[in-house]
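Single-letter residue listing:
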Amino acid sequence: MTDPSGTALALDAITKTFDGFRALDAAHVSVRRGEVHALLGENGAGKSSLMNVAAGLYAPDSGRILLDGTEVTIDGPLDARTHGIGMVHQHYKLVKPFNAIENILLSDPGERYGAAIDALTARVREVADELGFELDVTKPVGTLSIAEQQRVEILKVLVGGAWILILDEPTAVLTDAEGARLLETVRALAKGGHSVVLVTHKLNEAIDYCDRITVMRGGRTVDTVEAKGISQSDLTTMIVGADVHEQRAPSQSIGAPVLQVAGLRAARGDGHIAVRDANFEVRSGEIYGIAGVGGNGQTELSDALSGLTRSLAGIVTLGGTTDITDASAEERRENGLAAIPADRHSKALSGTLSVADNFAVGGVLRGRFGSWLRVRRRELEQAAGEAVEAFDVQGVRSLKQRAALLSGGNAQKLVIAREFSGSPRLIVAHSPARGLDLRASAAVHERLRSARDAGAGVLLISEDLDEILLLCDRIGVMTRGQIVAEFDAPFDRQSVGEAMIGHG
Amino acid sequence: MADETAGMAGPPKAHGLHRFRPRLEMRQTTSGLRTAAMIAAGLAVGLGLSALILVASGVRPGDLVNEFIVQIFASPKNISAVLVQAAPMIIVGLSASIAFKARFWNIGIEGQMIFGAIGATLVATFDIGPEGLRLPLMALAAALGGIAWIALPAVLKLRLGVNEIISTLLLNYVALNFLLHLLYGPWQDPVSAFPHSEQFEETERLAALGWQSLNASLIVALALTVLVTVALTASRVGYLLNFVHTNATMARAVGVPVVLLTLAAALGSGALSGLAGFTISAGIEYRMTQSFFIGYGFSGILIAFLARNNPIGATIVALFVAVLMVAGQSLQVFYQIPFAMVQLIQAIIVICVAASDFFIRHRVQWLTG
Ligand SMILES: Nc1ncnc2c1ncn2[C@@H]1O[C@H](COP(=O)(O)OP(=O)(O)O)[C@@H](O)[C@H]1O
Ligand SMILES: [Mg+2]
C-alpha cells in the first residue's frame, strides 16, 4: 500500500468554509516520509485550517486525505491519533495544575490510573531523553516556561505514537536560542523516520531546516519547492505576491533624553530579581534597542517601565524632569508614555471586547470621548473607524467585532493605533513584530520609525537581533538584568552578538 | 483502517452508529441572533424538563398551564403578588450584576441585606429625622449599612488579596447572628414579644400605589434599574468596567484605575443589597424579621448569571423568577409540592441556559458515511 514517491500524508483539493467564508480553496500539500516540510504564508492564509483538517479538528467540505497513498477519513483528533497524526497547536492545550505525565495521560487514559502512570512515566522519560529534552515531568505544567510547555505538547503527540508531526508556529513564542534547539530536535526526528510539518513565518527557518517548502496564500496553495537553493526574496514574492524588502533608515536628528533609567531593579512575579542595576537613556528622535538573549530581564524591564510592576530600586525619569519611578501606569501614560508589550493578547488587548472599544480605551481615559457620566459612543466609533483606516488594520468586518478575531499582525496594528493616538513622547515596544508575517512586521517597523521621526523616543526591546540591527540608532546589550555594552551605528553584527553571549 | 473507507461503497457493516457522526468545531464568531436563539432554546428545554418533573410528581398537565399561565396572568391579585415579589429580586439581581462586572464575587448579599434592614430599622425605631424625610433617611441608612458590610471584604481583597468569596460568605453568618441578637434582645417587639422589630409607622412604610397590594418598592427597583443601566452601559465607569471584567491585566497596563473601579463596584453592590433589605422591611413586612433575607443571595447570583450581568436583563429575569416563586407557592399549597421543587426547577433552568453556551461557542455538524 506504500506510495512509491514516499508520500506519508497528502491533502488533496481541500475546501473548507466557515459560515460562508471560504478559508481553504482546493488547498493541497503532500509530505514525504522522513522530511521536514515548511508551510509558509501570511496570517490568515489558511495554514492552521489546513493542518486542522489533517489533525481531525475540522471536517473538510470536500477534498481527499491520503495516508501512505490510501484515502482515509479522519473522524476527530482521536482518530487522527490512531492514524499516527499529531499536532501541536499555536495555543497549547494543557491543564495547568497537572504535571506533564498527567497531561499526557489525559490524552489517552489507560485502564487503571496507577499502572498507567508508572508505564507512562517510564515511556515519557525515555522519549524525552532521546530528544534531549530537559524537563521536570513532576512540576505542574502552569509553572513551566513556554518552551518547556511546548516540549510537553511534543512529548504528548510522540508518546501517542505520532509519525506525522504538525507544529503550528512553534518558534513564534520561543527565543532564538530555544527556537534553534527545537529545530535541531525536529531534524533529528525526521532522521528517525518521522514526517514533520513546520508552520512558520521565519524564512530562514524554512530554508535552513526544511527539505521542502509549501507556500499558501488566500486559502490556496501557491506552490511547493525544494528548500535547497531558494532565496528569501523568492519566497517573499511567493508569499506576498510582491517583494517586501526593509531597509535601514537611520534617524536624522536626535534630541534631548526622554527616558533616563538609573540603577533600576525589578523582580519577576515569583520574587526573582530579573532586572538588576539597569542604566541607560533614550533620546528624542532615536530608536534605542535593547538586544539580548531572551530571559535576561527583558519582560520585567518592559513591565517595570510601563508601570505593570513596581520597581524595587533606582530612578526612572521621563522627559528630563518627571520622576516616574513610583508612578502608576495611569500616571505614566498621562506623562506621555506608550507601551507595546510582547504579549499583546494578555497585556494589550481585551479579546472579548470590540475593536472599537480596544482602540478607544486610551482616549476615554484621557477624557476624549465625553465625561465620567457619559461616553459618546458615536464619536468613539467614528474615531476608531478612522484609526482602523489610517493604520491599515485589516480583517475588520465591523467595528463591533471582537478583537480576538484579528490576526496577529492586525491585532498589533490596532494596539499601535491606540498607543500612538495620544502622541506619546516615549514608546516602549517589546518584540513588536513577534509572530507577525513579513508585511505586517514591515508595517509595524515603519510605524516605529515614523514615530521616531516625529520626535518621540523609542525603546525597542527585542530578542531578534536582525530586528534590532535593522531599526535602531543605538544598541544596548542586556545580560542578566544589566546593560553590559552599548553600540553606536554603524553596527558590527559580530561584536553585538558576542556581547550578547560573552558576558553570560 | 483501510476497510473503513472501503466500506463506503458497499452496504454498511456492523457499526451502523458510525453512519451519522457528530463533529464539533469551535466557532470564532457568533451572531447576536444565534446567541439569543440558543439561550431561548436552552430556556425552552429547561421549562420542558421542569414541566415533566412536575407532571411526574402529580400535577396534571392542564393544571400546570392553569397555575403558571392562566392563574398568574389572568388575576390582578397574582400579577401584583409577582410584582411585589419581584422588587427585591430585581435589586439583588442588580447588586450581583454590578459586583460580578468587576469580578468581585459577592456571596454576601444576604449579610448586606441584613445590615441594610438594620440601618433602616434603626432610623424607624428611633424616629431619626423629620417625618417627611423619614423614608429617604431609612433608604440612605440601608445603603450605608450594606456598604459597611461589604467594605471590609472589599478592602481585604484589594489590599491583601483575601478571597472575597470566603470573606463575604462568612460575614453572612456574622450578620445573621447580630440580627438575632438584636431581635431577641434590645430591638425585640415590646408589643407582641416576638423576635422581630416593632412595626414601622405609616410614614416609615413604602406607600401603597392604590392598585392591589402594589407599593412603591417596585418604583424604587425600577429607578435603580435605570440608574444601574446608565452606570454600566452609558457612563465611563461602565465602559472601563468592561475591561476590568474581561482582562484586568490589560486594563491595568493601559491605565484603567482597576483598584478604584473594583472598589466602587463592590461598594455599589453592597449599597444595592442594603436597599433590597430596605424594600422588604419597609415595603412588604413593615418590620425587620429574622428571616426576611433567606434565598435572596442565591437568587441574586442566579439572576445576574442568567442575565450575563446586564441590568435590563437582570430585571426581566427577576420578574421571571418572581413568577416562579408565586406559582411555586400555589403549587405548595394546592398540590403539596415541596418548596425544594421550586428550587430544583430554578436549578434545572440555570443548567439548561448555561449549557446553551456550548452551542453558542461550537458548531455541531452531522457527518454521514
Ligand atoms: N473556526 C473558524 N471559524 C471561522 N473562521 C475561521 C475559523 N478558523 C479559521 N477561520 C478563518 O480562516 C482564515 C484562515 O485562518 P488560519 O487557518 O488560522 O490562517 P493562518 O494559520 O494561515 O494564519 C482566517 O480568515 C480565519 O479567520
Ligand atoms: Mg495559524
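Because the structure is predicted, anything quoted here is derived from the model rather than measured. (Residues numbered from 1 in each chain as written. Chains lettered and ligands numbered in written order. Predicted model: local features only at pLDDT ≥ 70, side-chain atom pairs only at ≥ 80, totals over all residues. Heavy atoms only, no water.)

## So, the interface of chain B and chain A
How we decide: By definition in these notes, contact holds between two residues if any of their heavy atoms fall within 4.5 Å. A quick way to say it: buried area is the sum, across both parts, of accessible area lost when two parts are put together, with a 1.4 Å probe. Whenever a carboxyl oxygen of Asp or Glu lies within 4 Å of a side-chain nitrogen of Lys or Arg, that contact is scored as a salt bridge. Residues adjacent in sequence count toward polar contacts only when both atoms are side-chain atoms; beyond that, a polar contact is any pair of N or O atoms within 3.5 Å, and within protein one must be able to donate a hydrogen and the other to accept it.
Every contact between the two is made by 32 residues of chain B and, on the other side, 49 residues of chain A. Summed over both sides, the interface of chain B with chain A buries roughly 3400 Å², with 55% coming from carbon and sulfur. Ranking the residues of chain B by area buried against chain A places B:Arg23, B:Arg236 and B:Tyr239 at the top, with a combined share of 23%. At the junction of chain B and chain A, the tally comes to three salt bridges. Ionic pairing is found between A:Lys16 and B:Glu25, a salt bridge with its closest N-O pair at 2.7 Å. Taken together, the connections running from chain B to chain A amount to 18 residue pairs in polar contact (both at pLDDT 80 or more).

## Looking at the sheet that holds strand S16 (residues 337–340) of chain A
All names here are of chain A. To be explicit about the condition: When DSSP finds two or more bridges between two strands, those strands count as paired. Helical segments are the DSSP runs of H or I of at least four residues, strand segments are the runs of E of at least two, and each set is numbered from the N terminus. Fitted lines through C-alpha atoms give the axes, limited to the stretch in contact for helices. The angle between two N-to-C directions lies from 0 to 180 degrees.
Spatial strand order, S16-S17-S18-S13-S19-S20: six strands in an open sheet with mixed pairing. The open sheet has two edge strands with one neighbour each: S16 and strand S20 (482–488). Averaged over neighbouring strand pairs, the angle between their axes works out to 20° when direction is ignored. In this sheet, strand S18 (residues 457–461) lies alongside strand S13 (residues 287–291) in parallel orientation, the contact comprising four bridges. Note that in S18 the partner of Ile290 across the bridge is Ile461. With respect to the sheet, helix H9 (residues 298–306) is in contact with S13, S16, strand S17 (426–430), S18 and strand S19 (474–479), its orientation differing from that of S17 by roughly 150°.

## A look at the domain arrangement of chain A
All names here are of chain A. To keep it simple, the criterion reads: Note: domain ranges come from an automatic or database domain assignment. Nonpolar residues are Ala, Val, Leu, Ile, Met, Phe, Trp, Tyr, Cys and Pro. Charged residues are Asp, Glu, Lys and Arg, and all others, Gly as well, are polar.
Structurally, chain A comprises domain 1 (7–240) and domain 2 (257–502). Computed from C-alpha atoms alone, the centre-to-centre distance between domain 1 and domain 2 is 32 Å. Tallying the contact residues gives ten residues for domain 1 and 13 residues for domain 2. Both sides of the domain 1 and domain 2 interface together cover about 1000 Å² of buried area, and 54% of this is carbon and sulfur. Three residues, Glu42, Asn43 and Thr175, lead the burial of domain 1 against domain 2; their summed loss comes to 41% of the area buried on that side. Put simply, domain 1 and domain 2 have one salt bridge between them. Its salt-bridge partner being Arg439, residue Glu42 comes within 2.6 Å of it at the nearest N-O pair. Scanning the region where domain 1 abuts domain 2 turns up two residue pairs in polar contact (both at pLDDT 80 or more). Counted by class, the side of domain 1 that touches domain 2 contains three nonpolar, four polar and three charged residues.

## Side note on the pattern of salt bridges
Quick reminder of the rule: Here's how the labels work: a residue is buried when its accessible area is under 20% of the maximum for its type, exposed when over 50%, partly exposed in between, all with a 1.4 Å probe on protein chains only.
A full pass over the atoms with the stated rule returns 40 salt bridges over all chains. Between A:Glu419 and A:Arg418 there is a salt bridge, and its shortest N-O distance comes to 3.1 Å. Overall, the relative accessible area of 5% leaves A:Glu419 in the buried class. Residue A:Arg434 is joined to A:Glu463 by a salt bridge in which the shortest nitrogen-to-oxygen separation is 3.0 Å. Taken together, the residues A:Arg434 in the loop between S17 and helix H15 (438–453) and A:Glu463 in the loop between S18 and helix H16 (465–471) connect sequence positions 29 residues apart. Assessed through its relative accessible area of 11%, A:Glu463 is described here as buried. One continuous salt-bridge network, built from bridges that share partners, spans A:Lys16, A:Asp19, B:Glu25, B:Arg27 and B:Arg363.

## Here's the deal with the site of ligand 1
As a reminder of what qualifies: It suffices for a single heavy atom of a residue to lie within 4 Å of a molecule or strand for the residue to be listed as near it. Here the open area of atoms and residues is found with the Shrake-Rupley method and a 1.4 Å probe, where only the protein chains shown may cover a residue.
Looking at ligand 1, there are 14 residues lining it, with A:Gly44, A:Gly46, A:Lys47, A:Ser48 and A:Ser49 nearest. Chains contributing residues near ligand 1 are chains A and B. A distance of 2.7 Å separates an oxygen atom of ligand 1 from a polar atom in the side chain of A:Ser48. Contact between ligand 1 and A:Ser49: an oxygen atom at 2.6 Å from a side-chain N or O atom of the residue. In isolation ligand 1 exposes 560 Å². Once the protein is present, 84% of that is buried. Looking at the shell around ligand 1, the elements with two or more residues in it are strand S2 (21–32) and helix H1 (47–54) of chain A. When residues of the shell around ligand 1 are assigned to their parent elements, the largest contribution, three residues, is made by H1(A). When the residues that make up the shell around ligand 1 are grouped by side-chain class, the tally is six nonpolar, six polar and two charged.

## As for the coordination of the magnesium ion (ligand 2)
All names here are of chain A. Let me state the cut-off plainly: Any nitrogen, oxygen or sulfur atom within 2.8 Å of a metal ion counts as a donor, with the limit raised to 3.2 Å for Na, K and Ca, and since water is left out, coordination shells can look unfinished.
The magnesium ion (ligand 2) binds to the protein through Ser48 (OG) and Gln90 (OE1), with metal-donor distances spanning 2.0 to 2.8 Å. In this pair, Ser48 sits in helix H1 while Gln90 sits in the loop between strand S6 (85–88) and helix H3 (100–107), placing the two residues 42 residues apart along the sequence. The exposure class assigned to Ser48 is partly exposed, which follows from its relative accessible area of 22%.

## A few points about the nonpolar core
The condition is simple: We call a set of buried residues a nonpolar core when its members are Ala, Val, Leu, Ile, Met, Phe, Trp, Tyr or Cys and they connect through side-chain atoms within 4.5 Å of each other.
Ranked by internal contacts, the top residues of the largest apolar core, which has 147 residues, are A:Ile427 and A:Ile475. Sorting elements by how many residues they give to this core places helix H4 (residues 76–101) of chain B first, with twelve residues. When sequence neighbours within four positions are dropped, the list of residues in contact with A:Ile427 reads A:Ala338, A:Ile340, A:Phe420, A:Leu448, A:Ala451, A:Ala456, A:Gly457, A:Val458 and A:Leu459. One finds A:Val88, A:Ala162, A:Leu174 and A:Val215 within the second-largest nonpolar core, a separate group that totals 53 residues.

## A look at a nonpolar patch on the surface
Residues and elements named next belong to chain B. Under the convention used in this document: Note that patches include only residues with greater than 30% relative accessible area and no salt bridge, and the join distances are 9 Å for like charges and 5 Å for nonpolar side chains (Val, Leu, Ile, Met, Phe, Trp, Tyr).
Among the surface-exposed residues, Phe20, Leu24, Phe358, Phe359, Val364 and Trp366 lie close enough to one another that they form a single nonpolar patch of about 610 Å² accessible area. Those elements giving two or more residues to the nonpolar patch turn out to be strand S1 (20–26), helix H14 (339–361) and strand S2 (362–368). Among the structural elements, Phe20 can be located in strand S1. Classification of Phe20 as exposed rests on a relative accessible area of 54%.

## A look at the layout of surface pockets
Any empty space left between the atoms is revealed when a probe the size of a water molecule rolls over them. All names here are of chain A. The criterion, for reference: Both cavities and pockets are sets of points on a 1 Å grid over the protein atoms alone; in a cavity a 1.4 Å probe fits but cannot get out, in a pocket the set is open with protein on both sides within 12 Å along at least five of seven lines, and lining residues sit with an atom within 4 Å of a point. Grid points are joined across faces, edges and corners, and a volume is the space filled by probe spheres set on the points.
By volume, the second largest pocket amounts to about 1400 Å³. In terms of lining, the second largest pocket is formed by 50 residues, of which the most central are Lys202, Asn204, Asp464, Asp466 and Glu467. Counting residues per element, the ones that place at least two in the lining of the second largest pocket are helix H6 (176–191), helix H7 (203–209), helix H8 (232–240), H15, H16 and helix H17 (493–502). Classifying every residue of the lining of the second largest pocket by side-chain character gives 17 nonpolar, 19 polar and 14 charged.

## Some remarks on H17(A)
Residues and elements named next belong to chain A. Note the cut-off: This arc is built from the directions going out from the helix axis to the C-beta atoms.
For H17, the full list of buried residues reads Val496, Ala499 and Met500. The buried residues of H17 occupy an angular sector of 100° when the element is viewed end-on, so they sit on one face. Residues of H17 that are exposed and angled more than 90 degrees away from the buried face: Gln494, Ile501 and Gly502. As for H17, its buried residues are in contact with S13, H16, S19 and S20.

## Observations concerning the side chain of A:Ser284
Residues and elements named next belong to chain A. By secondary structure assignment, the location of Ser284 is in the loop between strand S12 (273–283) and S13. You can call Ser284 buried: its relative accessible area is 19%. For Ser284, the residues in contact, after removing those within four places along its chain, are Ser253, Ile254, Gly255, Ala256, Val258, Gly455, Ala456 and Gly457.

## Re the side chain of A:His194
Residues and elements named next belong to chain A. Within the element layout of this structure, His194 appears in the loop between H6 and strand S8 (195–199). Judged by its relative accessible area of 12%, His194 is buried. At a separation of 3.4 Å, a polar atom in the side chain of His194 contacts the main-chain carbonyl oxygen of Ala162. Excluding residues within four positions of it along the chain, His194 makes contact with Gly34, Glu35, Leu158, Ala162, Trp163 and Leu189.

## Quick look at unusual backbone geometry
All names here are of chain A. The residue after Ala489, namely Pro490, is reached through a cis peptide bond having omega -5°. For Pro490, the location among the structural elements is in the loop between S20 and H17. In this structure, Ala26 takes a positive phi of about 50° despite not being glycine. As for its placement among the helices and strands, Ala26 is situated in strand S2. With phi around 45°, Ser423 is a residue other than glycine that occupies positive phi space. Counting through the fold element by element, Ser423 comes out in the loop between helix H14 (408–420) and S17.

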